[in-house]
Amino acid sequence: MNKIIKEIENTKIIPVVTVQNVTQGLHIMDALAEGGLPAAEITFRTEAAAEAIRAMCRKYPDALIGAGTIINVRQAEEAAAAGAKFLVSPGYSDEVVNYCIERNIAVLPGCMTPTDILRALAAGLSMVKFFPAEPAGGLRLLKALSEPFPKLRFMPTGGISKDNLMEYLNFSKVVACGGSWITKPAKENDFAAVRQEAENAVKLVCRWKEQG
């Protein structure tokens, strides 16, 4: 579990991907890898999610591929069986978190309130997803939430873009950011644009590291 969290921290950006079919998923993963960002959170919003994860993991065994929008244990089981290295949920689910902890699977439950965070800390988690980041109040709310919980770290997701990515990464409690802007062109099957967005995102992270 800690190894995967470290990989997420090193990657800094986790593209959020919704796939309509396995072929599209593989094209997206090809584009991300070619762009220097072999990582993805495949959302369980479509029936193709599990099979897409399985195919992606088969083709890119070393890539950081996880599953998102996990809202129950059944989905967690499907994602884990498909090879997902980490699971992300939009809110806090005791069942999903306990399932992952028992099986040593990295899990980032969505947290937006002090109550959510208290539950995460009670479960022994050191990192959670801050969601929906921008609609909930953005960096201002995240900084306020982090003050009573100095040891907890966050992966903001929801409204993150190339325009505000650096601001979030500059906050010491932010380990990485999740973002769908990188793979948005895939809706039009423009995988060359996905590759370009991935390259641009990697350049932003490199610039941030140089400044740090």
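Look up a bit, the structure's there.
From a predicted model like this one, the values you see are computed outputs, not experimental measurements.

**Q** Mind showing me how you'd approach the side chain of D116 here?
**A** Relative to the elements of secondary structure, D116 occurs in helix 6 (residues 114–122). Despite its burial, D116 pairs with no opposite charge; the closest candidate is R119, at 4.6 Å N-O. Residue contacts for D116: discarding those within four places in its chain leaves Y92, G110 and C111.

**Q** For this particular structure, what's the right way to read the sheet that holds strand 7 (residues 127–130)?
**A** Strand pairing in a sheet is mediated by backbone hydrogen bonds. Such pairs are either parallel or antiparallel. If you trace the three strands from one edge of the open sheet to the other, you get 6-7-8, paired in parallel fashion. Both outer strands of the open sheet, strand 6 (110–111) and strand 8 (153–156), are each paired with one neighbouring strand and no more. Here strand 6 pairs with strand 7 via two bridges, running parallel. Bridge pairing links C111 to F130 in strand 7. Strand contacts of helix 8 (residues 138–146): strand 7 and strand 8, with the helix running at about 150 degrees to strand 7, the strand carrying the most contacts.

**Q** Would you mind showing me how to read helix 5 (residues 94–102) here?
**A** The complete set of buried residues in helix 5 reads V96, V97, Y99 and C100. Along the axis of helix 5, the buried positions cluster into a sector of 160 degrees, meaning they face one direction only. When the buried face of helix 5 is taken as reference, the exposed residues oriented beyond 90 degrees from it are E95 and E102. Looking at the buried positions of helix 5, the neighbouring elements they touch are helix 4 (73–82), strand 4 (86–88) and strand 5 (106–108). Downstream of helix 5 by a residue or two, N104 has a phi angle that is positive, lying close to 55 degrees.

**Q** Teacher, can you tell me more about the side chain of T183 here?
**A** Looking at the element boundaries, T183 is found in the loop between strand 9 (177–179) and helix 10 (191–211). Here T183 falls in the buried class, since its relative accessible area comes to 8%. A distance of 2.9 Å separates the side chain of T183 from the backbone oxygen of V16, its partner in a polar contact. Once you skip the residues sitting within four places of it in the chain, T183 turns out to touch P15, V16, V17, I28, L32 and V194.

**Q** Any chance you could explain the pairing of strand 3 (residues 64–68) here in plain terms?
**A** Looking along a regular strand, one sees the side chains alternate between the two faces of the sheet. Most of strand 3 is tucked away, with five of its five residues classed as buried. Taking every second residue as pointing to the same face, both faces of strand 3 are buried, with L64, G66 and G68 on one and I65 and A67 on the other. Note: strand 2 (residues 39–43) against strand 3, five bridges, orientation parallel. Following the sheet pairing, T43 is matched in strand 3 by G68. Handedness of the crossover joining strand 2 and strand 3 through helix 3 (residues 49–59): right-handed.

**Q** For this particular structure, what's the right way to read the packing of aromatic side chains?
**A** Two aromatic rings are characterised by how far apart their centres lie and by the angle between their planes. Taken as a whole and assessed by the stated rule, the structure comprises zero aromatic pairs. Over the face of the ring belonging to F131 we find K129, whose NZ or CZ atom lies 4.2 Å from the ring centre.

Cut-offs applied
Residues numbered from 1 in each chain as written. Predicted model: local features only at pLDDT ≥ 70, side-chain atom pairs only at ≥ 80, totals over all residues. Heavy atoms only, no water. Helix = DSSP H or I, 4+ residues; strand = E, 2+ residues; numbered from the N terminus. Buried < 20%, exposed > 50% of the residue type's maximum accessible area, 1.4 Å probe, protein only. Lys, Arg positive; Asp, Glu negative; His and termini not counted. Salt bridge = Lys/Arg side-chain N within 4 Å of Asp/Glu carboxyl O. Contact = heavy atoms within 4.5 Å. Pairing = 2+ DSSP bridges. Axes fitted to C-alpha atoms, helices over the stretch in contact; angles between N-to-C directions. Arc of directions from axis to C-beta. Polar contact = N/O pair within 3.5 Å; in protein donor to acceptor, adjacent residues only side chain to side chain. Right-handed = clockwise from strand over helix to strand, strands pointing away. Phe/Tyr/Trp six-rings, centres within 6.5 Å; stacked < 30°, edge-to-face > 60°. Lys NZ or Arg CZ within 6 Å of the ring centre and 35° of its normal.

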